[in-house]
Amino acid sequence: MIVDVLDHQRPHTVSGFGEVRFSRALAAIEHCRRRSRTVVSVHAFLLSCLARAAAEHPAIVTYRHRRKLVTFDDVDVATMLEKRLPDGRRIAVAYTFRAADRRSLAEINWEMRAVSRRSLNEDPAVRSRRRIARLPGFVRRLVFRRIMTNPFRLRRAYGTLAMSTIRGPDVMQPLFTLPPNLCTASMTIGSVTQRFLPDEHGHPVLEKVLCVGGSVDHDIVDGMIMMRFCRRFAELGGTAAGLDDAFIAHTAALRAAGHGLSRRAR
């Protein structure tokens with residue numbers, strides 16, 4: 001199934017990689033974790049930053065459909081989440097956070113926690129992908145072609161923007177990955193490493209930096225738009241956007257309401 005999807009990668013894809021200052025964000029995540037008494041996911045934080053940056057640069061969620069360009073109002077981010085099976089095994093499952101640009105970081109973080117704990121058998125997109133995976137090979141390829149050549153079907157099946165992560169808590173050396181590009185833009189989060197970088201006075205300081213890689217469809221997005229989008233994502237990630245008192249208060253409200261989590265999971 002994965003090979004069938006990758007066969008439809010956009011032909012005029014441009015890829016690149018870079019680094020984001022991350023010391024401030026990591027400190028803010030730890031602060032929010034202690035204040036809210038809730039696990040704050042780096043994955044959720046970066047997904048929120050990515051969605052906000054894309055909303056400010058609509059070309060990132062623009063697709064060619066026949067002879068027109070279609071720009072979606074919402075940023076639906078498809079990503080991979082790790083789920084634990086009853087027998088203890090862990091598997092990666094694709095999940096789409098709908099309208100991620102219109103939702104707070106607390107909502108995205110809470111939903112990510114809930115999704116990682118519950119069964120996705122009732123999720124329409126997951127059920128659709130599982131039905132496709134059971135089809136014969138030649139039928140499956142035809143279905144994928146119909147999905148990948150129609151942005152409205154692609155949005156229903158996967159989303160309008162893709163993000164994956166390969167980072168792990170024990171990986172400290174620089175690790176970059178260039179993602180396959182099924183959407184107009186895709187991003188992969190790599191490891192967190194350390195660099196000597198200049199501070200505001202030009203003096204070298206040891207900073208934690210996040211390694212990121214990305215791919216865009218150059219038929220839709222030109223270099224200047226891509227640069228501004230990447231700069232905005234780096235700004236949001238580097239300044240710990242959304243990791244503030246409002247996040248702590250909203251997380252407390254979600255916990256009190258018990259949205260999506262059982263008492264044991266909370």
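One numbering rule holds for all chains: residues counted from 1, following each sequence as written. Local features are withheld for residues below a pLDDT of 70 in this predicted model, meaning they are given only at 70 or higher, and side-chain atom pairs are given and counted only at 80 or more; totals for whole chains, interfaces and linings count all residues. To get the side-chain values, all heavy atoms of the structure are used, and hydrogens and water are removed first.

Moving on, we come to the packing of aromatic side chains. Any Phe, Tyr or Trp ring, taking Trp's six-membered ring, that has another such ring centre within 6.5 Å forms a pair; planes under 30 degrees apart are called stacked, those over 60 apart edge-to-face, and the others tilted. All told, the structure shown has five aromatic pairs when counted by the stated rule. Pairing F17 with F176 gives two aromatic rings, centres 5.0 Å apart and planes at 50 degrees, and the pair type is tilted. Linking F17 in strand 1 (residues 13-21) with F176 in the loop between strand 6 (161-165) and strand 7 (185-198), this pair joins segments that are 159 residues apart in sequence. Buried residues are those whose accessible area, probed at 1.4 Å on protein chains only, stays under 20% of the maximum for their type, while exposed residues exceed 50% and partly exposed ones sit between those limits. Overall, the relative accessible area of 59% leaves F17 in the exposed class. Centroid distance Y95 to F97: 5.1 Å. Interplanar angle 80 degrees. Geometry classified as edge-to-face. For Y95, a relative accessible area of 7% corresponds to the buried category. The ring of W110 has R113 sitting right over it, with the charged end atom 5.1 Å from the ring centre. The way it works is that DSSP assigns letters per residue, a run of H or I at least four long becomes a helix, a run of E at least two long becomes a strand, and they are numbered from the N terminus. Throughout this description, the term charge over a ring refers to an Arg CZ or Lys NZ atom that lies within 6 Å of the ring centre and within 35 degrees of the ring normal.

A sheet is described by the order of its strands in space; here six strands give the open sequence 1-8-7-6-4-5, paired in mixed fashion. If you trace the sheet from one side to the other, it starts and ends with strand 1 and strand 5 (90-97), each paired once. On average, each strand axis in the sheet is inclined to that of its neighbour by 30 degrees, with strand direction left out of account. Two strands qualify as a pair provided DSSP detects at least 2 bridges between them. In the sheet, strand 1 pairs with strand 8 (residues 204-217) via nine bridges, with the strands oriented antiparallel. Looking at strand 8, one finds that G18 is bridged to V212. Fitted lines through C-alpha atoms serve as axes, helices being fitted only where they are in contact, and the angles separating the N-to-C directions of these axes extend from 0 to 180 degrees.

Note on placement: A78 falls in strand 4 (residues 77-84). The class for A78 is buried, based on a relative accessible area of 14%. Once the C-alpha coordinates of A78 and S186 are considered, the two residues, 108 residues apart in sequence, prove to be 9.3 Å apart. Non-local contacts of A78, meaning those with residues more than four positions away in its chain, are made with Y95, T96, Y158, L161, A162 and M163. Contacts between residues were defined by any pair of non-hydrogen atoms, one from each residue, lying within 4.5 Å.

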